[in-house]
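Architecture and fold: a report
The primary structure of each chain is shown beneath.
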Amino acid sequence: MDPSVFFVKSFSKAFEVPDKFKDKCIRSMMHESAPGVYTFDMMQPIFCDRLLSEVEYFEKWACETRFRIMRPSTMHRFGVALDDFGMKGTLDWLMRDFISHISKILFPDVGGCSLDSNHGYVVEYGMGRDVDLGFHVDDSEVTLNVCLGTEFTGGDLFSEEIFSCSHARGTAIIHRGFHRHGALATTSGHRFSLVMWCRREMKKHRKGFSNDCGECERERQARLIQSVAARKKKWFGVVGEGDDAS
Ligand SMILES: O=C(O)CCC(=O)C(=O)O
Ligand SMILES: [Fe+2]
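Calculation criteria
- Residues numbered from 1 in each chain as written.
- Chains lettered and ligands numbered in written order.
- Predicted model: local features only at pLDDT ≥ 70, side-chain atom pairs only at ≥ 80, totals over all residues.
- Heavy atoms only, no water.
- Near = heavy atom within 4 Å.
- Polar contact = N/O pair within 3.5 Å; in protein donor to acceptor, adjacent residues only side chain to side chain.
- Areas by Shrake-Rupley, 256 points an atom, 1.4 Å probe, with all protein chains shown as cover.
- Helix = DSSP H or I, 4+ residues; strand = E, 2+ residues; numbered from the N terminus.
- Contact = heavy atoms within 4.5 Å.
- Salt bridge = Lys/Arg side-chain N within 4 Å of Asp/Glu carboxyl O.
- Buried < 20%, exposed > 50% of the residue type's maximum accessible area, 1.4 Å probe, protein only.
- Pairing = 2+ DSSP bridges.

Taken together, the neighbourhood of ligand 1 is formed by 14 residues, with Tyr121, Tyr125, Asp138, Asn145 and Arg191 sitting nearest. With respect to ligand 1, the side chain of Asp138 contributes an N or O atom lying 2.9 Å from an oxygen atom. Take Arg191: an N or O atom from its side chain is 2.7 Å from an oxygen atom of ligand 1. Alone, ligand 1 offers 300 Å² of accessible surface; in the complex the protein occludes 99% of this. For the shell around ligand 1, the secondary structure elements donating two or more residues are β4 (117-126), β5 (133-136), β11 (181-183) and β12 (186-199). At 3 residues, β12 tops the list of elements feeding residues into the shell around ligand 1.

Right, here's the structure in full:
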């Protein structure tokens, strides 16, 4: 996958410099909006558009086939988990090659570079969708939140410190999972965000377990991916680039 297709220049450049300058470059593109909360430019509009059209296709498909959408978390009534439509490979790549490095620099105390699993989803706010999100902590070591747009007012993210970060399309916020935060009401339009809860599962919980039913989960994922890819191909004549199914 070519990062320059998805990432803004400042982001991809920071990861291309020789290793000895990399940490400094990555740090210099971060703006600390509140203690422990960092914002930076990350995604190009084309990434936001493509992800949102995938979500739209998936929701349409789920509606027509009566596939029960797994909501991202108990806090959300709307939104979709990205694993459900074959984006696991893309999310793993994002975490392994980029988020882990950022986490090593900013959050060595929680995940550092040893993040090894993730839960990625898109949340939706606005008329007929969720309105806001109460104060909470995430089930993650490190959380990445990328604003996908589209047009909206309100929806600022907030945390305990006096901090309000209005999120522009393509910008990312990264923080520790235990950093309490919430989202104010989206007062007009629709707001979508890509959220990735990045975890350190293996080291924390699974040490010493050789059979944790990963096999069953892999089979379930493979069946789902095949079925979604087949339907997408039938309807749209394409399978999204970067999907597990491609
Ligand atoms: O609404 C947002 O962008 C924040 C979402 C969030 O904090 C979460 O899903 O854990
Ligand atoms: Fe959260």
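From this point, the narrative continues.
So, on to the environment of Gly154. With respect to the helices and strands, the residue Gly154 is situated in strand β7 (residues 152-154). Between the C-alpha atom of Gly154 and that of Ser166, which follows or precedes it by 12 residues, the distance is 7.6 Å. With residues near it in sequence (within four places) discarded, Gly154 still touches Ala185, Thr186 and Thr187.

We now examine the pattern of salt bridges. Counted according to the given criterion, the structure contains 10 salt bridges. Between Asp19 and Lys22 there is a salt bridge, and its shortest N-O distance comes to 3.4 Å. Separated by 3 residues within a single helix, Asp19 and Lys22 lie in helix α3 (residues 19-28), roughly one turn from each other. The exposure class assigned to Asp19 is exposed, which follows from its relative accessible area of 62%. Classification of Lys22 by relative accessible area gives buried; the value is 14%. Here Asp97 and Arg96 are joined by a salt bridge, their closest N and O atoms 3.0 Å apart.

Judged by how many residues are buried, strand β2 (residues 37-41) sits mostly within the fold: 4 of 5 residues are covered. For strand β1 (residues 31-34) and β2, the ladder comprises 3 bridges, and the chain directions are antiparallel. Across the sheet, the residue bridging to His31 is Thr39, located in β2. Two elements, β2 and strand β10 (residues 171-176), share 5 bridges in a ladder whose sense is antiparallel. Across the sheet, Thr39 pairs through a bridge with Ile173, a residue of β10.

Taken by themselves, the reported measurements are silent on function.
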